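Structure assessment
In case you want the letters, here they are:
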Amino acid sequence: MMNRPEFDEIKDYDEFCKYYWYRDELIKICKAHGLKAPSGKIELNKVIEAYFSGEKILPEMKKASKIKKTVTVLTLETGLIECGFSFGNRFREFFSEQTGVSPFKFNVDMVATAKAVKENGDESFTLGDLLDIYYGKKTYAVYDRSALQWNKFVKDFCEDDDTKVFGERLKAAAALWKIVRESDMKKEYSHELFEKYKDKFLVKHYISVAELQVK
């Protein structure tokens, strides 16, 4: 397990990459240092990598919004910003027609991409580009899956019967996740992980096995 230092104590990008960072943490770091803070984790890491190389990628100035006429017909060439894209029925039906999938559901990378396109004011990005995101042919902004990692971790933790020794299993799972998150280990739960750290938890934080047996 490695104790993660404060960001300003880290000397270079290689050292930075040794530690796990949540997307919200990266956004705060970028904003605190006057850097561009995009929504995607990949883009945030690129900004920070540039920062360690001596280059400051600054926030883009927001352009004045233009009044646009309503787009009545949607095509693959229609701009995402131009048509006022949303995740409503109109666009769900459009993508259903394109994919043959009904009901159509936007995946998480499509959601992250649409948000990033709007934040960047990228008028060149089209509905066809968003369809490529759906099929995995193109990458623009990737959904931060750290929340998904945690959800699976705690699910697997609670499904392990041996973790029932803890009076508050969610808190125990969070403590173990903190160790995993700040280390080079895979961000996954395993029974071997539990066996390695269970004594530390039982002694320091939670009700002991003996106490449970008495109760």
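Let me begin by describing the structure that accompanies this report. (Residues numbered from 1 in each chain as written. Predicted model: local features only at pLDDT ≥ 70, side-chain atom pairs only at ≥ 80, totals over all residues. Heavy atoms only, no water.)

**Here's the deal with the overall build of the chain**
- Each helix and strand in the chain was counted, giving ten helices and zero strands.
- Along the chain, helices (α) and strands (β) appear in the sequence α-α-α-α-α-α-α-α-α-α when read from the amino end.
- Residue burial in the chain is summarised as follows: out of 215 residues, 39% are buried.
- Counting only contacts in the chain whose residues sit at least 6 apart along the sequence, the fraction spanning at least 24 positions is 52%.
- Surface accessibility of the chain: about 13,400 Å² in total, with carbon and sulfur atoms responsible for 52%. (Helix = DSSP H or I, 4+ residues; strand = E, 2+ residues; numbered from the N terminus. Buried < 20%, exposed > 50% of the residue type's maximum accessible area, 1.4 Å probe, protein only. Contact = heavy atoms within 4.5 Å. Areas by Shrake-Rupley, 256 points an atom, 1.4 Å probe, with all protein chains shown as cover.)

**A short note on the pattern of salt bridges**
- What the rule picks out here adds up to ten salt bridges.
- Across the pair E182 and K178 runs a salt bridge whose closest N-O atoms are separated by 3.4 Å.
- The exposure class assigned to E182 is buried, which follows from its relative accessible area of 8%.
- The class for K178 is partly exposed, based on a relative accessible area of 43%.
- Salt bridges linked by common partners bring D129, D132 and K138 together as one network. (Salt bridge = Lys/Arg side-chain N within 4 Å of Asp/Glu carboxyl O.)

**Describing helix α4 (residues 89–99)**
- Taken together, the buried positions of α4 are occupied by F91, F94, F95, S96 and T99.
- Buried-residue contacts for α4 involve α5 (108–120) and α6 (127–135).
- One or two positions beyond α4, positive phi appears at G100, with a value near 80 degrees.

**What to know about the side chain of D160**
- With respect to the element layout, D160 can be found in the loop between α7 (146–159) and α8 (169–181).
- This buried residue, D160, is left without a salt bridge; R169 holds the nearest opposite charge, at 6.8 Å.
- D160 has contacts with R169, Y189 and H191, leaving out every residue within four places of it along the chain. (Lys, Arg positive; Asp, Glu negative; His and termini not counted.)

**Things to note about the packing of aromatic side chains**
- A full pass over the atoms with the stated rule returns 28 aromatic pairs.
- Taking the centre distance of 5.3 Å and the plane angle of 85 degrees together, the rings of F94 and F95 count as edge-to-face. You'll find F94 and F95 in the same group, each marked buried.
- Through successive ring pairs, a cluster of aromatic residues spans Y20, Y22, W150, F153, F157, F166, W177, Y189 and F194.
- Over the face of the ring belonging to Y20 we find K41, whose NZ or CZ atom lies 4.4 Å from the ring centre. (Phe/Tyr/Trp six-rings, centres within 6.5 Å; stacked < 30°, edge-to-face > 60°. Lys NZ or Arg CZ within 6 Å of the ring centre and 35° of its normal.)

**Some words on the environment of K138**
- Along the chain, the position of K138 falls in the loop between α6 and α7.
- Residues in contact with K138, not counting those within four places in the same chain, are D129, D132 and I133.
- Among the polar contacts listed, one links the side chain of K138 to the side chain of D129, at a separation of 2.6 Å. (Polar contact = N/O pair within 3.5 Å; in protein donor to acceptor, adjacent residues only side chain to side chain.)

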